[in-house]
Amino acid sequence: MMRVLPPLLVIGGPAGAGKSSIADAVAQRLDAPVVGLADGAGEDQHGVDLNTLQDRLDAHEDAELVVVEGVFALALPPIRWAARWTVYVDTPLDISLARRALGRDDPRAVLRAYLDGGRDAHARNVAPGRQLADLVVDGADPLPDTAERIYRFITRRSTTAPR
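A quick note: this is a predicted structure, and the numbers were derived from the prediction, not measured. (Residues numbered from 1 in each chain as written. Predicted model: local features only at pLDDT ≥ 70, side-chain atom pairs only at ≥ 80, totals over all residues. Heavy atoms only, no water.)

Student: Would you mind going over the overall build of the protein chain with me for this structure?
Tutor: Helix and strand content of the protein chain: seven helices and five strands. In the protein chain, the order of α-helices and β-strands from amino to carboxyl end is β-α-β-α-β-α-β-α-α-α-β-α. The buried share of the protein chain, reckoned over its 163 residues, is 44%. Within the protein chain, contacts between residues separated by at least 24 positions form 79% of all contacts whose residues are at least 6 apart in sequence. Carbon and sulfur atoms make up 48% of the accessible area of the protein chain, which amounts to about 8,600 Å² in all. (Helix = DSSP H or I, 4+ residues; strand = E, 2+ residues; numbered from the N terminus. Buried < 20%, exposed > 50% of the residue type's maximum accessible area, 1.4 Å probe, protein only. Contact = heavy atoms within 4.5 Å. Areas by Shrake-Rupley, 256 points an atom, 1.4 Å probe, with all protein chains shown as cover.)

Student: Where do I start with the sheet that holds strand 3 (residues 66-70) in this structure?
Tutor: Hydrogen bonds along the backbone pair up the strands of a sheet, which may run parallel or antiparallel. Strand order in the open sheet made by the five strands is 2-3-1-4-5, with parallel pairing throughout. For this open sheet the edge positions go to strand 2 (34-36) and strand 5 (135-138), each flanked by a neighbour on one side alone. Neighbour-to-neighbour, the strand axes of the sheet open up by a mean angle of 25°, direction not taken into account. Note: strand 1 (residues 8-12) against strand 3, five bridges, orientation parallel. Among the inter-strand pairings, V10 is bridged to a residue of strand 3, identified as V68. (Pairing = 2+ DSSP bridges. Axes fitted to C-alpha atoms, helices over the stretch in contact; angles between N-to-C directions.)

Student: How do you make sense of the pairing of strand 5 when you look at a structure like this?
Tutor: A regular strand carries its side chains on alternate faces of the sheet. Covered by surrounding structure in strand 5 are L135 and V137 only, the residues V136 and D138 on the alternate face being uncovered. Here four bridges tie strand 4 (residues 85-90) to strand 5, and the two strands are oriented parallel to one another. In the strand pairing of strand 5, D90 is matched with D138.

Student: Help me out: how do you make sense of the pairing of strand 4 in this one?
Tutor: Most of strand 4 sits inside the fold, with five of its six residues counted as buried. Bridge analysis of strand 1 against strand 4 gives four bridges, and the strand direction is parallel. Residue I11 lies in a different strand from strand 4, and its bridge partner there is V87.

Student: I would appreciate a short explanation of helix 1 (residues 19-30) in the present structure.
Tutor: An α-helical turn contains 3.6 residues, so any two residues separated by three or four positions project in the same direction. Taking 1.5 Å per residue, twelve residues should reach 16 Å; helix 1 reaches 16 Å between its end C-alpha atoms and fits that length. Residues K19, I22, A23, V26, A27 and L30 constitute the buried set of helix 1. Considered in projection along helix 1, the buried side chains sweep an arc of 125° and stay on one side of the axis. Considering only its buried residues, helix 1 is in contact with strand 1, strand 2, strand 3, strand 4 and helix 7 (143-157). (Expected span 1.5 Å × (residues − 1). Arc of directions from axis to C-beta.)

Student: I tried to follow the environment of D141 on my own but got confused; where do I start?
Tutor: Mapped onto the fold, D141 is located in the loop between strand 5 and helix 7. As a C-alpha pair, D141 and G18 span 123 residues in sequence and 9.9 Å in three-dimensional space.

Student: Even after reading the chapter, I still don't get unusual backbone geometry, so can you show me in this structure?
Tutor: In most cases, non-glycine residues show a negative phi, while peptide bonds are predominantly trans. The residue D31 is not glycine, and still its phi comes out positive at about 55°. Topologically, D31 is positioned in the loop between helix 1 and strand 2.

Student: I tried to follow the environment of R108 on my own but got confused; where do I start?
Tutor: Turning to its location among the elements, R108 is positioned in helix 5 (residues 108-126). Using a relative accessible area of 60% as the deciding quantity, one classes R108 as exposed. Among the polar contacts made by the side chain of R108, one reaches the side chain of D106 at a distance of 2.7 Å. (Polar contact = N/O pair within 3.5 Å; in protein donor to acceptor, adjacent residues only side chain to side chain.)

Student: Please explain the packing of helix 4 (residues 93-102) against helix 5 as it appears in this structure.
Tutor: Angle between the axes and distance between the axes are the two parameters that describe a pair of packed helices. Remark: helix 4 packs on helix 5, axes separated minimally by 12 Å, with the N-to-C direction vectors making an angle of 145°. Relative to helix 5, helix 4 is oriented so that their crossing is right-handed. Together, L93, L97, R100 and A101 of helix 4 and V110, L111, Y114, R119 and H122 of helix 5 make up the contact between the two elements. Of the residues assigned to the contact of helix 4 with helix 5, the class counts are six nonpolar, one polar and two charged. (Left-handed = near helix turned anticlockwise from the far one by under 90°. Nonpolar A, V, L, I, M, F, W, Y, C, P; charged D, E, K, R; others polar.)

Set out below in C-alpha cells:
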C-alpha cells in the first residue's frame, strides 16, 4: 500500500494525449509539483516502479497538492486509490499518435510500435481508465480551457480548496 501525504490529482490517458502539458498548466495554477510516472516506454502498467514513485511523492510531503500524470496512472490501483481526484485525458488516437510521431526525428518507430500492438495495448490497459476517472477532458481542446476546467472541478470538490 502506498503512503501518500499530500492530496493527489492523478491524470491518465494515452501517450500523446497532452497529459504532461495539462498537468503542468494545472500545477502552475495550483502552485503544485508534478510527478510524472515516466511510464510511456512499456506496453503495460507492470513497468511502473511504485517504490520509486513513492520516493518521488515523499519528496513533496509538504505540498498542499501533488499532480501525478502518466499513461498508466489510472491503471494502477495503488495510485488510483490514493488519488483525491482522477482525470482521464480522452484524446482521439489519431491525434495522440500524430503528436508522438511529430515529436521524433524519425517517426517510423512510433508508427511501427502502434501498428505492432500499441493500439491493442491501449485498449487493454489505458482506455479502461476513462470509466474509472472522476472527470474526462478532451485532449484536443485548448490547453487553457482544459486546465481551467480541471481547476474548477478540483476546487468545487474540495473541502479545503487549493489556492
